[in-house]
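Chain residues, written in single-letter form:
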Amino acid sequence: MTPILPGATLGVMGGGQLGRMFVHAAQRMGYFTAVLDPDEGSPAGRVSHHHVRSDYVDEIGLAELSGYSDAITTEFENVPAAALARLADHRPVAPAASAVAIAQDRAQEKAHFTRCGVPCAPYAVITGEDALAGIGDELFPGILKTARLGYDGKGQARVATRADLRPAWESLRRADCVLEKMLPLAFECSVVVARGADGVMVHLPVQRNLHRNGILAVTEVHEQCVPPVPGLRAIEAAKAIAEGLDYVGVLCIEFFGLADGSLVVNEMAPRPHNSGHWSIEGADVSQFELQVRTLARLPLVQPRQHSPAVMLNLLGDLWFREGATGAQTPDWASVLCLPGTHLHLYGKAEARPGRKMGHLTLTGPTPPSVRETALDAAQRLG
Ligand code: ADP
Ligand code: MG
């Protein structure tokens, strides 16, 4: 398979922070870039050589993107799969529309995990009123999740008992849903895998994730961040899931570690993931370079983590700290004076609570030292 060499143009559907970091990685390697995103001020659009400002399904916009691009990827999992299929008529597209379509739908995603022999939480699919009565008692207490378009804990409702199910489903506007049993989580972790068109697969080490209010808050990556047995199982499961999709590109799989030592898969994202951002400074090949390499059919080499790392998400809430009457920029100097801090801001014009504005990666010589710096940094930012 012929590689698409630097000097060519790589296109990306979506102009968010993931697209911005993809663009940065591609440009560093000598590629030109093109971004399709309707927003004039989108984080990736602002740093790309070309920015097509159109809707994801606009024929003219899609034609313009494929006109610029030698190959096209996505940074946004809710890009309509049909748009990727359309682009694939003219240009190489990775990941494929068929894989993205599965990741976009929790019911299809879970069916895929089961096909690959990877257990997930007990669940039931709800596609209409009639399904409500048939739900087994063993799924309560549970979490009701819309099958499509959920992210950062949005599109979810907790259901303590059967009596809560109908109101919860109504609150989600009777959308197609899955009801999952609420599991006792010992920890959460994720694995980023990259698979080339030739079937070669590499992965980043297991990442331990801490969520607050359904949004990723902290990722920690070092040898002891998760127990060894579930850690190895997560890597094997992630590879099986990518293989089973005949996936080309970067795929991130989220897992739950349970108190009894078992591991279940939660969900997957057909793109780089927030929990893999640490790899920009903590590994010799980042998840975004992996995305460039898979798209351009360049060789994949197993990345090596050279430094223990902690990533802190910087949410818009920081701009509205105690005492702040309106948007107030956090004191970046107070954290940049700490050793091994790497600040990423995505260039979003307006801070809003819960909005991902940037992240801070900390690297250091040992896991305890990097943890200590991370705690210090978190306190300084308030
Ligand atoms: P999103 O697409 O919003 O990331 P997730 O399905 O990953 O949705 O859920 C967000 C978070 O909610 C998870 O990271 C986890 O902390 C919690 N959660 C989700 N499902 C379960 C479950 N079945 N049992 C316990 N906690 C869960
Ligand atoms: Mg999630």
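The notes below deal with the structure included here.

## Digging into unusual backbone geometry
Line of reasoning, step 1. Looking along the chain, the bond that leaves Ala-94 and enters Pro-95 is cis, with omega of 0 degrees.
Line of reasoning, step 2. As for its placement among the helices and strands, Pro-95 is situated in the loop between α3 (81–88) and α4 (97–103).
Line of reasoning, step 3. Across the junction of Phe-140 and Pro-141, the peptide omega takes the value -10 degrees, indicating a cis bond.
Line of reasoning, step 4. Here the phi dihedral of Asn-213 falls at roughly 50 degrees; this positive angle occurs in a residue that is not glycine.
Line of reasoning, step 5. Among the secondary structure elements, Asn-213 is positioned in the loop between β11 (207–212) and β12 (215–221).
Line of reasoning, step 6. In this model, Asp-246 sits at a positive phi of 50 degrees, which is unusual for a non-glycine residue.

## Some points on the coordination of the magnesium ion (ligand 2)
Line of reasoning, step 1. Glu-254 (OE), Glu-254 (OE) and Glu-267 (OE) make up the full set of protein donors to the magnesium ion (ligand 2), lying at 1.9 to 2.8 Å. In this pair, Glu-254 is assigned in strand β13 (residues 249–258) and Glu-267 in strand β14 (residues 263–269), connecting sequence segments 13 residues apart. With respect to class, Glu-254 is no different from Glu-267; both count as buried.

## Topic: helix α10 (residues 287–296)
Line of reasoning, step 1. Most of α10 sits inside the fold, with 10 of its 10 residues counted as buried.
Line of reasoning, step 2. Listing the buried residues of α10 in full gives Gln-287, Phe-288, Glu-289, Leu-290, Gln-291, Val-292, Arg-293, Thr-294, Leu-295 and Ala-296.
Line of reasoning, step 3. After α10 finishes, the residue Arg-297 shows a positive phi value of roughly 60 degrees.

## Quick word on the site of ligand 1
Line of reasoning, step 1. Lining the immediate surroundings of ligand 1 are 19 residues, of which Lys-145, Gly-153, Glu-188, Asn-266 and Glu-267 lie closest.
Line of reasoning, step 2. With respect to ligand 1, the side chain of Glu-188 contributes an N or O atom lying 2.5 Å from an oxygen atom.
Line of reasoning, step 3. In the model, an oxygen atom of ligand 1 is placed 3.4 Å from a nitrogen or oxygen of the His-211 side chain.
Line of reasoning, step 4. Of all the elements in the fold, those that place two or more residues in the shell around ligand 1 are β6 (142–146), β8 (177–181), β9 (185–195), β13 and β14.
Line of reasoning, step 5. Two domains each provide a minimum of three residues to the shell around ligand 1, namely domain 2 (122–181) and domain 3 (183–306).

## So, the sheet that holds strand β5 (residues 123–126)
Sheets are built from strands that pair by backbone hydrogen bonding, the pairs being arranged parallel or antiparallel.
Line of reasoning, step 1. The strand order across the open sheet built from four strands is β5-β8-β6-β7, with neighbouring strands paired in antiparallel fashion. If you trace the sheet from one side to the other, it starts and ends with β5 and β7 (156–159), each paired once. The average undirected angle you get between the axes of adjacent strands in this sheet is 20 degrees.
Line of reasoning, step 2. Each of β5, β6, β7 and β8 is contacted by helix α5 (residues 106–115), which is oriented at about 50 degrees to β8, the strand it contacts most.

## Re helix α1 (residues 17–28)
Line of reasoning, step 1. Between its terminal C-alpha atoms α1 stretches 17 Å, which fits the 16 Å expected from 12 residues at 1.5 Å a residue.
Line of reasoning, step 2. Of all the 12 residues making up α1, nine are buried; the element is thus mostly covered by neighbouring parts of the structure.
Line of reasoning, step 3. Listing the buried residues of α1 in full gives Gln-17, Leu-18, Gly-19, Arg-20, Met-21, Phe-22, Val-23, Ala-25 and Ala-26.
Line of reasoning, step 4. Gly-30 sits one or two residues past α1 and shows a positive phi near 95 degrees.

## Re the environment of Arg-46
Line of reasoning, step 1. For Arg-46, the position within the fold is in the loop between β2 (32–36) and β3 (50–52).
Line of reasoning, step 2. Residue classification places Arg-46 among the exposed positions, given a relative accessible area of 52%.
Line of reasoning, step 3. The spacing of Arg-46 and Arg-20 is 26 residues in sequence and 8.3 Å in space, taken between C-alpha atoms.
Line of reasoning, step 4. Those residues within four positions of Arg-46 in sequence are excluded, and the remaining contacts are Glu-40, Gly-41 and Gly-347.

Reading the values: rules and limits
Residues numbered from 1 in each chain as written. Chains lettered and ligands numbered in written order. Predicted model: local features only at pLDDT ≥ 70, side-chain atom pairs only at ≥ 80, totals over all residues. Heavy atoms only, no water. Helix = DSSP H or I, 4+ residues; strand = E, 2+ residues; numbered from the N terminus. Donors = N, O, S within 2.8 Å, 3.2 Å for Na, K, Ca; no water. Buried < 20%, exposed > 50% of the residue type's maximum accessible area, 1.4 Å probe, protein only. Near = heavy atom within 4 Å. Polar contact = N/O pair within 3.5 Å; in protein donor to acceptor, adjacent residues only side chain to side chain. Domains from an automatic or database assignment. Pairing = 2+ DSSP bridges. Axes fitted to C-alpha atoms, helices over the stretch in contact; angles between N-to-C directions. Contact = heavy atoms within 4.5 Å. Expected span 1.5 Å × (residues − 1).

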